[in-house]
Amino acid sequence: AERKVGGLKGKISGLSGTAKLALASAATAVAAFVGSSVNEYVKAETAQARLSDAYKKFPQLAGANVDALRDLNTELAKKTQFDDDATASAQSVLAQFGLTHDELMKVTPLLQDYAAKTGKDLPSAATDLGKAVLGQGRALKGVGIDFKDTGTKAGNLEELMGGLNDKVGGFAEVAGDTAAGKAAILKNQFGELQEKVGKALVPALSKLADIIIADVLPT
């Protein structure tokens, strides 16, 4: 091992100044990619954990297939600016307002339409829609919906979905087909790649950290 390290040092010392700078730049780029990949994986895991927790915690979701919702999110991410993890995070917010699995499946595309139209992030948009389900739909006036509280959750959800279909239905896909939308989709796809890289790296980095800590702080 020492011979290999020594040989590597010799090869590096024999490089020209320009080559050394190029090598340093490459190393910096790799380190940055590793760091961002780990961050992407952590964010994705956190968002998906919130959704999984909602399916365990809320009775109206008990026994439902959370993977079906994730499959929907993956398909929508191919056509809209919203990645699947942001959508999952927003769905966990909606679950707090008592929506069932089937209702989440139906309202999710409209949630994205509303967020794309208003420029709000998905969790904030989900809060607006959740409040409307409870009868408080003032925020919807921003997209021209004159929401009326029906007095029941089922009635409010029907009122909400009808208004969203009428005023913003399909907007997320339309926005996703613009130059800006396509750029966002491409960015999200790169993020998905980083998530996979981060997932592979985290166990190795954890082991490396354990070795370093054991070396620096011997028992």
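Above this text is the structure in question.
In what follows, the accompanying structure is described. Computed from a predicted structure; not experimentally measured.

**Overview of the overall build of the protein**
Next up, step 1: If you tally the helices and strands in the protein, you get nine helices and zero strands.
Next up, step 2: Counting from the amino terminus, the protein carries its helices and strands in the arrangement α-α-α-α-α-α-α-α-α.
Next up, step 3: By sequence separation, contacts in the protein at least 24 residues apart represent 65% of the contacts at least 6 residues apart.
Next up, step 4: Carbon and sulfur atoms form 59% of the exposed surface of the protein, whose accessible area is close to 12700 Å².

**A short note on the packing of helix α4 (residues 84-95) against helix α5 (residues 101-118)**
Next up, step 1: Contact geometry for α4 and α5: axes closest at 11 Å, N-to-C directions at 120 degrees. With respect to α5, the element α4 is oriented oblique. The handedness of the crossing between α4 and α5 is right-handed. Residue-level inspection shows T87, A90, Q91, L94 and A95 of α4 in contact with α5, the latter providing L104, V107, T108, L111 and Q112.
Next up, step 2: Class assignment for the residues of the contact of α4 with α5 results in six nonpolar, four polar and no charged.

**Side note on the packing of helix α6 (residues 122-133) against helix α7 (residues 153-167)**
Next up, step 1: Where α6 meets α7, the axes come as close as 8 Å, and the angle between the chain directions of the two elements is 135 degrees. Overall, the two elements α6 and α7 adopt an arrangement that is oblique. For the pair α6 and α7, the contacting residues are L129, A132 and V133 in the first and K153, N156, L157, L160 and L164 in the second.
Next up, step 2: The residue inventory of the contact of α6 with α7, partitioned by class, reads six nonpolar, one polar and one charged.

**Let's talk about helix α3 (residues 66-77)**
Side chains that are three or four residues apart share a direction in an α-helix, a result of its 3.6 residues per turn.
Next up, step 1: Taking 1.5 Å per residue as the helical rise, α3 with its 12 residues ought to reach 16 Å, and the 17 Å between its terminal C-alpha atoms agrees with that figure.
Next up, step 2: The set of residues buried in α3 consists of V66, L69, R70, L72, N73, L76 and A77. All buried residues of α3 lie within an arc of 155 degrees about the axis, which places them on one face of the element.
Next up, step 3: The residue sitting at the N-terminus of α3 and contributing the capping side-chain oxygen is N65; that oxygen lies 3.1 Å from the backbone nitrogen of D67.

Thresholds, definitions, all that
- Residues numbered from 1 in each chain as written.
- Predicted model: local features only at pLDDT ≥ 70, side-chain atom pairs only at ≥ 80, totals over all residues.
- Heavy atoms only, no water.
- Helix = DSSP H or I, 4+ residues; strand = E, 2+ residues; numbered from the N terminus.
- Contact = heavy atoms within 4.5 Å.
- Areas by Shrake-Rupley, 256 points an atom, 1.4 Å probe, with all protein chains shown as cover.
- Axes fitted to C-alpha atoms, helices over the stretch in contact; angles between N-to-C directions.
- Parallel < 35°, antiparallel > 145°, perpendicular 65-115°, else oblique.
- Left-handed = near helix turned anticlockwise from the far one by under 90°.
- Nonpolar A, V, L, I, M, F, W, Y, C, P; charged D, E, K, R; others polar.
- Expected span 1.5 Å × (residues − 1).
- Buried < 20%, exposed > 50% of the residue type's maximum accessible area, 1.4 Å probe, protein only.
- Arc of directions from axis to C-beta.
- Polar contact = N/O pair within 3.5 Å; in protein donor to acceptor, adjacent residues only side chain to side chain.

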